Structures are given as C-alpha cells and as structure tokens.
Amino acid sequence: MTPSRLGLAALLVTLVLDQATKLGLYFGTDLVLTQPWRIAPFAEFLVVWNRGVSYGMFQQEGDLGRWVLVAVSCVAAIALILWMRRAESRLLGLALGLVAGGAIGNAIDRAAYGAVFDFVHLHWGRWSWYVFNVADAAIVAGVVGLILDSLRPAPKHGNSQS
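First, a word on what this report is: a plain description of the structure on this page. (Residues numbered from 1 in each chain as written. Predicted model: local features only at pLDDT ≥ 70, side-chain atom pairs only at ≥ 80, totals over all residues. Heavy atoms only, no water.)

Some thoughts on the pattern of salt bridges
Side chains bearing opposite charge may pair, as long as their charged atoms lie close to each other.
Thought 1: One pass over the structure, following the stated rule, counts 4 salt bridges.
Thought 2: Asp-109 serves as the salt-bridge partner of Lys-22, at 2.9 Å between the closest nitrogen and oxygen. Of the two residues, Lys-22 is situated in helix H1 (residues 3-28) and Asp-109 in helix H4 (residues 90-113); the sequence distance between them amounts to 87 residues.
Thought 3: Overall, the relative accessible area of 3% leaves Lys-22 in the buried class.
Thought 4: Between Arg-66 and Asp-63 there is a salt bridge, with the nearest N and O atoms lying 3.5 Å from each other. Here Asp-63 and Arg-66 lie together in helix H3 (residues 63-85), a separation of 3 residues that amounts to about one turn.
Thought 5: By relative accessible area, which is 16% here, Arg-66 ends up buried.
Thought 6: A single network of salt bridges, built from pairs that share partners, joins Asp-18, Lys-22 and Asp-109. (Salt bridge = Lys/Arg side-chain N within 4 Å of Asp/Glu carboxyl O. Helix = DSSP H or I, 4+ residues; strand = E, 2+ residues; numbered from the N terminus. Buried < 20%, exposed > 50% of the residue type's maximum accessible area, 1.4 Å probe, protein only.)

Next comes the structure, spelled out in structure tokens:
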C-alpha cells in the first residue's frame, strides 16, 4: 500500500470511528443523564463540550470564534492531505492521515454543535488527564508519528515505500 493510500485509509477510519463513537454515545445512550460511566478504576465516560482547542485552551463562546476554529481545522486538514499525497514513507502517510482525520472529526462537531464532544476521562488517584475523544487520540498518535518520521534517515531512491 502506498503511503498516500495508507494515509487516506487512516483518515477515513479515524473519521468514521470518531463520529460513530460520538453519535452512538450522545444519541444512542443515556450517558448525558447518567454520567459518569466508570469503565475501569482509571477510566470513565462523561460528557464535556469543548469550545476551545487542545486541553480546552482558547475557549470560544461566540459564533465568530467557533467558525474561525472550523475554518482553521479545515485549512489544516487540506494542507495535511496535500502533504500526505507526496509522502514518501508509510509512517508519514499514516501520521498525516491520523491528524487530518482527527481535525475533520472535531471540525464536524464544532460546525454541527458549536463545540467538540469529548467523553473519555483517564485518571489515577488525584491525577487527572484531560477529557478527549477518538479524534483527539488520533491527532496525538499522528503527531507522535510525525516526530518519529522526522527522526528517521531520509529514504534512499528506490526504497520509498518503507
């Protein structure tokens, strides 16, 4: 599989899983009324509407901020897809697809609801991680992939499918 096709597959899988989990939990369950749902001693599902970006930074209360974040997400996703089409390694293609899919998933939420639906909360004792969703996890995994790809030696001509 070429790097760009792997990236496109990652984008589509991320987008479908992200939207399916959000729509399934929000519209298909009573999570909103019965939260939190304890999944494990360190994990629970609960509903958080994030009007900002990562870690809740840059919270937007008005429509202008909402649509600026949607536009930024869409422009970023387009740029990542264009980069993905030229990717020379499968790791880079995969990483770009994960980030682009996550950006599109969260942009859909923001456009449809005015905020991103986050629902996974990890914690241990007094330590608490931020509440996130599938799109957020894909973005983080994609960024890790981008970092790892940047640390790899440049591929030699003729071995561009590594």
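A look at H4
Thought 1: Along its 24 residues, H4 runs 34 Å from first to last C-alpha, staying within 8% of the 34 Å computed at 1.5 Å per residue.
Thought 2: Taken from the residues just after H4, Gly-114 is the one with a positive phi, measuring 85°. (Expected span 1.5 Å × (residues − 1).)

Examining the packing of aromatic side chains
Thought 1: Applying the stated criterion to the full structure yields 11 aromatic pairs.
Thought 2: Ring centres of Tyr-26 and Phe-27 lie 4.9 Å apart, and the angle between their planes is 80°; on these two criteria the pair is classed as edge-to-face.
Thought 3: On the basis of relative accessible area, Phe-27 is assigned to the exposed category, the value being 55%.
Thought 4: Geometrically, the ring pair formed by Trp-129 and Tyr-130 is tilted, given 5.1 Å between the ring centres and 55° between the ring planes.
Thought 5: Counting every residue linked through ring pairs, the aromatic cluster contains Tyr-26, Phe-27, Phe-45, Trp-49, Tyr-113, Phe-117 and Phe-119. (Phe/Tyr/Trp six-rings, centres within 6.5 Å; stacked < 30°, edge-to-face > 60°.)

Digging into the sheet that holds strand S3 (residues 116-124)
Thought 1: Across the sheet, 4 strands lie side by side as S1-S2-S3-S4; this open sheet has antiparallel pairing. Among the strands making up the open sheet, the edge pair consists of strand S1 (37-40) and strand S4 (127-128).
Thought 2: Taken together, the 6 bridges between strand S2 (residues 43-50) and S3 define a ladder with antiparallel strand orientation. Its bridge partner being in S3, Asn-50 is matched across the sheet by Val-116. (Pairing = 2+ DSSP bridges.)

Brief notes about the nonpolar core
Thought 1: Among the nonpolar cores identified, the biggest contains 8 residues, and these are Leu-11, Leu-80, Met-84, Ala-87, Leu-92, Leu-96, Val-99 and Ala-100.
Thought 2: Elements represented by at least two residues in this core include exactly H3 and H4.
Thought 3: Looking at this core element by element, the count peaks at 4 residues for H4.
Thought 4: Setting aside chain neighbours within four positions, we find Met-84 in contact with Ser-4, Gly-7, Leu-8, Gly-93, Leu-96 and Gly-97.
Thought 5: Core analysis: the next-biggest nonpolar cluster, separate from the first, contains 7 residues, Leu-31, Val-47, Phe-119 and Val-120 among them. (Core = buried A, V, L, I, M, F, W, Y, C linked by side-chain atoms within 4.5 Å. Contact = heavy atoms within 4.5 Å.)

Some remarks on the pairing of S3
Residues in a regular strand project their side chains so that they alternate between the two faces of the sheet.
Thought 1: A large share of S3 lies buried, amounting to 7 of its 9 residues.
Thought 2: With 2 bridges joining them, S3 and S4 adopt antiparallel strand pairing. Bridge pairing in S4 links Trp-124 to Trp-127.
Thought 3: Count of turn residues in the S3/S4 antiparallel hairpin: 2 residues, of which Gly-125 carries a positive phi of about 60°.

Section: the environment of Leu-122
Thought 1: Looking at the element boundaries, Leu-122 is found in strand S3.
Thought 2: In the structure, Leu-122 is positioned 112 residues away from Ala-10 in sequence and 24 Å away in space, judged by C-alpha atoms.
Thought 3: The contact partners of Leu-122, leaving out residues within four places of it in the chain, are Phe-42, Ala-43, Trp-127, Ser-128, Trp-129 and Phe-132.

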